[in-house]
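For reference, the chains in residue letters:
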Amino acid sequence: MWRHGERCVILAVAAVTLVAAAAAVGGERRTYIVHMSRSAKPNDFVEHGEWYAASLQSVSDAATVLYTYDTLVHGYSARLTRAEAEALESQPGVLLVNPEMRYELHTTRTPEFLGLDRTDALFPQSNTGSDVIVGVLDTGVWPERPSYDDAGLGPVPAGWKGKCEEGNDFNASACNKKLIGARFFLTGYEAAKGPVDTSKESRSPRDNDGHGTHTSSTAAGSAVRGADLLGYAAGTAKGMAPHARVATYKVCWVGGCFSSDILKAMEVAVNDGVDVLSLSLGGGTADYYRDSIAVGAYSAMERGIFVSCSAGNAGPGSATLSNGAPWITTVGAGTLDRDFPAHVVLGNGKNYSGVSLYSGKQLPTTPIPFIYAGNASNSSMGALCMSGSLIPEKVAGKIVLCDRGTNARVQKGFVVKDAGGAGMVLANTAANGEELVADAHVLPGAGVGQKAGDTMRAYALSDPNPTASIVFAGTQVGIQPSPVVAAFSSRGPNTVTPGILKPDLIAPGVNILAAWSGSVGPSGLAGDSRRVGFNIISGTSMSCPHVSGLAALLRAAHQDWSPAAIRSALMTTSYNGYPNGNGILDVATGLPATPLDVGAGHVDPSKAVDPGLVYDIAAADYVDFLCAINYGPMQIAALTKHTTDACSGNRTYAVTALNYPSFSVTFPATGGTEKHTRTVTNVGQPGTYKVTASAAAGSTPVTVSVEPSTLTFTKSGEKQSYTVSFAAAAMPSGTNGFGRLVWSSDHHVVSSPIAVTWT
């Protein structure tokens, strides 16, 4: 569940983890998802459901079916002991028996920053955008928010099959022509965790957390004038696709998001008729056939549905991303050109810039006593301002310097306030470096980077009478450089398939203003009695729905485009540098970001609508990819539902043949050669494209040759293929090199990132 917590590098949304539910020992039961071969049903059974129930009864007298799955996968979920699961897996017709996994959430100015303040001019087909439906799997929705106002929208699209489910504090009348569907899924959750506590959260689609309302309104919220958070970021708030419809599917609860519920929700959403699926949740890495999001997304892709997922908040370390399947668009996070500065002025005259969303009674204009929390506690963890760790007599009336980490950032302010402190400075440690994320503190408080924090600690410990003051500077726009890559944004390489470069791209994910739940305050903490209509939070949870909404715009403008074509358009038109020619910076290092950090770059929707060329991928191409990574018949069938042997012994399969809009090249330490093939489809005017390509590791070039080097298109829809050959000398294992391959015509630039790794 979303919290302003700190685990590893976590910002305003919860950590990215993929953990198995409690390990089954002895006779303990846990949920398993059973993948069945639909065509293997014996004739003795009329319905597949009867067969599923009989297969379950053959190994267990006590187990019952939780869900049956009929669209995205064939099979069911049930609570089993480990022995029962193993017995079931050996039965005829059973493909795989996967243990359920627990997923967690990855958690106003954005349209202008992305050039979407003139949506109708950029997307003249946007009047058809009201036919596009964005399905959001998250914590539900707060339907009363004006972001779901349906003024000006016509009838609900005729093919829509969804509904508005009733439950605690939620009536069917909550839906309208904007919010056209709201459902909730908790059978798997309650089987694992027990009944939902309705005193803490609604057993209905209602969002008591805020995360789901924030993500769905970011993707497709209606325009709302006068939006702000406590006076910050004032202006008009609207989603990326403000004319699109929204359908929400609540799959996340206080105890997390469980794969049996997620898979069922994805199946229902597909059957309801969504065009885009947005999932700001995920976990670590797992084989695609064991990852329910990847399994569900595959079948959604087959039906022409674009699936966007967050990369995760486990950066800046390498190989930290989740949702890396090639049929998913994986989104990292960058900053906006907007900030919320706060200045900490020490008694020695030194001034340090930080950030804050505090709105309330200000501190005195004259400096007041300043103390480091580590000197105001008897606890070994006192510097972290943990609950009950501060000595009131030492902090009363003072500004307290707290170290960031372990407990929630805003919660530290509660601790300081409860101990009688007047204000707080939240100082980063090495784990967070210079990354700053604004928080709606409950007392005068500001966050500062590690360097400023180190200096302030030294001052508080050495000066006999340390003092400080905090000055809040409101909202500032035009901050440069922007965007920069958020340190928390999870990075490649893709550990399941290193030959597929992930993330695909980045989008705004830091300090994003969007609609919020009426159940909790802006901090999300139980003690926060404030209520706001909009909130500012950060995470790849926020960048994902930006891309989901942009995909909805592209779907409206190009109704014949496949999900792969939409992703290609977003990727090949992304930018990876600033107007001055310098590369987009990574806030974690202060150096230019690499394709392992940003993929193709930062999304640029004004160019994506007319990309010139696209790299299209059909479902059969993904099957060839699965053959290339040596998946067996059972594993492929679990993903694709095709039970025949998909991989021919007469063919050679290669990951390098998947028609992806990026290049990930792997060499042994001794160097070598690698060849990739690609096919591009002309979706623009006739023209001739010429190629440039290069890559290097440090000062050592990687030879990149393209054949042919010129492609000529005479009509729309025409396809042309080319081959890229990479050759590299020996380099130490672990070395990376980067570059780009660019096709340019008189009217278009089609750019692909290159990442080279020596293993």
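Here the structure is a predicted model, which is why all the values come from computation and not from measurement. (Residues numbered from 1 in each chain as written. Predicted model: local features only at pLDDT ≥ 70, side-chain atom pairs only at ≥ 80, totals over all residues. Heavy atoms only, no water.)

Let's shift gears to the overall build of the protein. A tally of regular secondary structure across the protein gives 17 helices and 40 strands. Computed over C-alpha atoms, the radius of gyration of the protein comes to 26 Å, within 12% of the 27 Å expected from 2.2 N^0.38 for 759 residues, which places it in the range of a compact globule. Along the first, second and third principal axes, the C-alpha atoms of the protein reach 80 × 65 × 55 Å. Burial status across the protein gives 62% buried among its 759 residues. Only carbon and sulfur atoms are counted for the fraction: they give 51% of the accessible area of the protein, which is about 26,000 Å². Mean positive and mean negative side-chain charge positions of the protein (54 and 61 charges, respectively) differ by 3 Å. (Helix = DSSP H or I, 4+ residues; strand = E, 2+ residues; numbered from the N terminus. Rg over C-alpha atoms; globule rule 2.2 N^0.38 Å. Buried < 20%, exposed > 50% of the residue type's maximum accessible area, 1.4 Å probe, protein only. Areas by Shrake-Rupley, 256 points an atom, 1.4 Å probe, with all protein chains shown as cover. Lys, Arg positive; Asp, Glu negative; His and termini not counted. Charge placed at Lys NZ, Arg CZ, Asp CG, Glu CD.)

Next up on the list: the pairing of strand β19 (residues 341-346). Bridge analysis of β19 against strand β20 (residues 351-355) gives five bridges, and the strand direction is antiparallel. Paired with His343 across the strands is Ser353, a residue of β20. Counting the residues that bridge the hairpin from β19 to β20 gives four residues, and of these Gly349 lies at a positive phi of roughly 90 degrees. (Pairing = 2+ DSSP bridges.)

Further remarks concern the pattern of salt bridges. Scanning all chains against the criterion turns up 17 salt bridges. Measuring nitrogen to oxygen at the nearest pair gives 2.7 Å for the salt bridge that ties Glu190 to Arg203. On the criterion of sequence distance, the pair formed by Glu190 in helix α5 (residues 187-193) and Arg203 in the loop between α5 and α6 (211-220) is long-range, its members being 13 residues apart. Given a relative accessible area of 18%, Glu190 falls into the buried group. (Salt bridge = Lys/Arg side-chain N within 4 Å of Asp/Glu carboxyl O.)

In this section: the state of the cysteines. Counted according to the given criterion, the structure contains four disulfides. Residue Cys627 pairs covalently with Cys647 via a disulfide, S to S 1.9 Å. Between Cys627 and Cys647, the S-S dihedral sits near -95 degrees, and the bridge is therefore left-handed. With Cys627 in helix α16 (residues 619-628) and Cys647 in the loop between α17 (633-640) and β33 (663-667), this pair connects stretches of sequence that are 20 residues apart. Since its relative accessible area comes to 7%, Cys627 is described here as buried. The connectivity of the disulfide bonds within the protein can be written as 1-2, 3-4, 5-6, 7-8, using the sequence rank of each bonded cysteine. Not part of a disulfide, Cys309 finds its nearest cysteine sulfur in Cys544, a span of 6.0 Å. (Disulfide = S-S within 2.5 Å.)

For helix α12 (residues 540-557), built from 18 residues, the straight-helix expectation of 26 Å at 1.5 Å per residue is met to within 8% by its first-to-last C-alpha distance of 26 Å. Most of α12 is tucked away, with 18 of its 18 residues classed as buried. (Expected span 1.5 Å × (residues − 1).)

Residues Glu190 and Gly255 lie 65 residues apart in sequence; the distance between their C-alpha atoms is 9.7 Å. Setting aside its immediate chain neighbours within four residues, Glu190 contacts Pro195, Val196 and Arg203. Only 3.0 Å separates the side chain of Glu190 from the backbone nitrogen of Val196, close enough to count as a polar contact. (Contact = heavy atoms within 4.5 Å. Polar contact = N/O pair within 3.5 Å; in protein donor to acceptor, adjacent residues only side chain to side chain.)

Tyr249, Ile262, Leu277, Leu279 and Trp327 are the most contacted members of the largest nonpolar core, which has 65 residues in total. If you count residues domain by domain, this core takes at least three from each of domain 1 (29-99) and domain 2 (110-334 + 484-598). Setting aside residues up to four positions removed in sequence, Leu277 forms contacts with Gly135, Leu137, Met266, Ala269, Val270, Ala300, Ile305, Phe306, Val307, Ser308 and Ser548. Within the second largest apolar cluster, 45 residues are counted, among which are Leu346, Phe370, Ala383 and Ala438. (Core = buried A, V, L, I, M, F, W, Y, C linked by side-chain atoms within 4.5 Å. Domains from an automatic or database assignment.)

One open sheet accounts for four strands, arranged β3-β4-β2-β5; its pairing is antiparallel. Each end of this open sheet is capped by a strand with a single partner; those strands are β3 (65-69) and β5 (94-99). Adjacent strand axes in the sheet meet at a mean angle of 20 degrees when their direction is disregarded. With four bridges connecting them, β3 and strand β4 (residues 75-80) associate as antiparallel partners. Each residue of the ladder has a partner; that of Tyr67, found in β4, is Ser77. (Axes fitted to C-alpha atoms, helices over the stretch in contact; angles between N-to-C directions.)

When helix α1 (residues 48-57) is considered as a whole, its buried residues turn out to be His48, Trp51, Tyr52, Ser55 and Leu56. Seen end-on, α1 carries its buried residues on one side only, within an arc spanning 135 degrees. Buried residues in α1 make contact with β2 (30-36), β3, β4 and α2 (82-89). (Arc of directions from axis to C-beta.)

In this section: the packing of aromatic side chains. As enumerated under the stated definition, the model contains 20 aromatic pairs in all. Between the aromatic rings of Tyr288 and Phe625, the centroid separation amounts to 6.4 Å while the plane-to-plane angle is 35 degrees, which identifies the pairing as tilted. Of this pair, Tyr288 sits in the loop between β15 (281-282) and α8 (292-302) while Phe625 sits in helix α16, and the two are 337 residues apart along the sequence. Neither Tyr288 nor Phe625 differs from the other in exposure class; each is buried. An aromatic cluster is defined as three or more aromatic residues linked by ring pairs; in this entry it consists of Tyr288, Tyr289, Tyr298, Trp327, Tyr622, Phe625 and Tyr631. The ring centre of Trp142 lies 4.4 Å from the NZ or CZ of Arg206, which sits over that ring. (Phe/Tyr/Trp six-rings, centres within 6.5 Å; stacked < 30°, edge-to-face > 60°. Lys NZ or Arg CZ within 6 Å of the ring centre and 35° of its normal.)

On to the packing of helix α7 (residues 259-272) against α8. One way to put it is that α7 packs onto α8 with a least axis distance of 9 Å and a crossing angle of 10 degrees. Judged by the inter-axis angle, α7 sits roughly parallel to α8. Residues Ser259, Ile262, Leu263, Met266 and Val270 of α7 touch α8, and the partners they reach there are Ser292, Ile293, Val295, Gly296, Ala297 and Ala300. A class-by-class count of the residues in the contact of α7 with α8 yields eight nonpolar, three polar and no charged. (Parallel < 35°, antiparallel > 145°, perpendicular 65-115°, else oblique. Nonpolar A, V, L, I, M, F, W, Y, C, P; charged D, E, K, R; others polar.)

UniProt's feature table lists "domain: PA" (unreviewed entry) at residues 389-455, given in the numbering used throughout. Measuring from the first to the last C-alpha atom of residues 389-455 gives 23 Å, for a span that is 30% helix and 21% strand. (UniProt positions renumbered as here; feature names shortened; annotations may be inferred.)

Turning next to the environment of Gly304. Following the sequence through the fold, Gly304 ends up in the loop between α8 and β16 (306-310). The class for Gly304 is partly exposed, based on a relative accessible area of 22%. Between the alpha carbons of Gly304 and Thr429 there is a distance of 45 Å; along the sequence they are 125 residues apart. Residue contacts for Gly304: discarding those within four places in its chain leaves Asp275, Arg555 and Pro563.

Attention shifts here to the UniProt feature "domain: Inhibitor I9" (unreviewed entry) in the protein. UniProt tags residues 31-106 as "domain: Inhibitor I9" (unreviewed entry). Secondary structure content for residues 31-106 is 24% helix and 37% strand, and the end C-alpha separation is 23 Å.

Right, let's talk about the sheet that holds strand β8 (residues 179-184) for a bit. One key point about sheets: their strands pair by backbone hydrogen bonds, in either a parallel or an antiparallel sense. Ordered in space as β8-β11-β7-β14-β16-β17-β27, the seven strands form an open sheet in which the pairing is parallel. Across the chains shown, the open sheet's two edge strands, defined by having one partner strand only, are β8 and β27 (505-508). Strand-to-strand twist across the sheet, computed as the mean angle between neighbouring axes with direction ignored, equals 25 degrees. Relative to β27, strand β17 (residues 329-334) runs parallel, the two being bridged by four bridges.

On to the pairing of strand β36 (residues 700-707), then. Sheet topology places strand β35 (residues 687-697) next to β36; three bridges connect them, and they run antiparallel. Looking at the pairing, Ala695 lines up with Val702 of β36. In textbook terms, the turn of a hairpin is the stretch between consecutive antiparallel strands, and for β35 and β36 this stretch comprises two residues, one of which, Gly698, has a positive phi near 65 degrees. Where β36 meets strand β38 (residues 719-728), five bridges bridge the pair, whose relative direction is antiparallel. In the sheet register, Glu707 faces β38, and the bridge partner there is Thr723.

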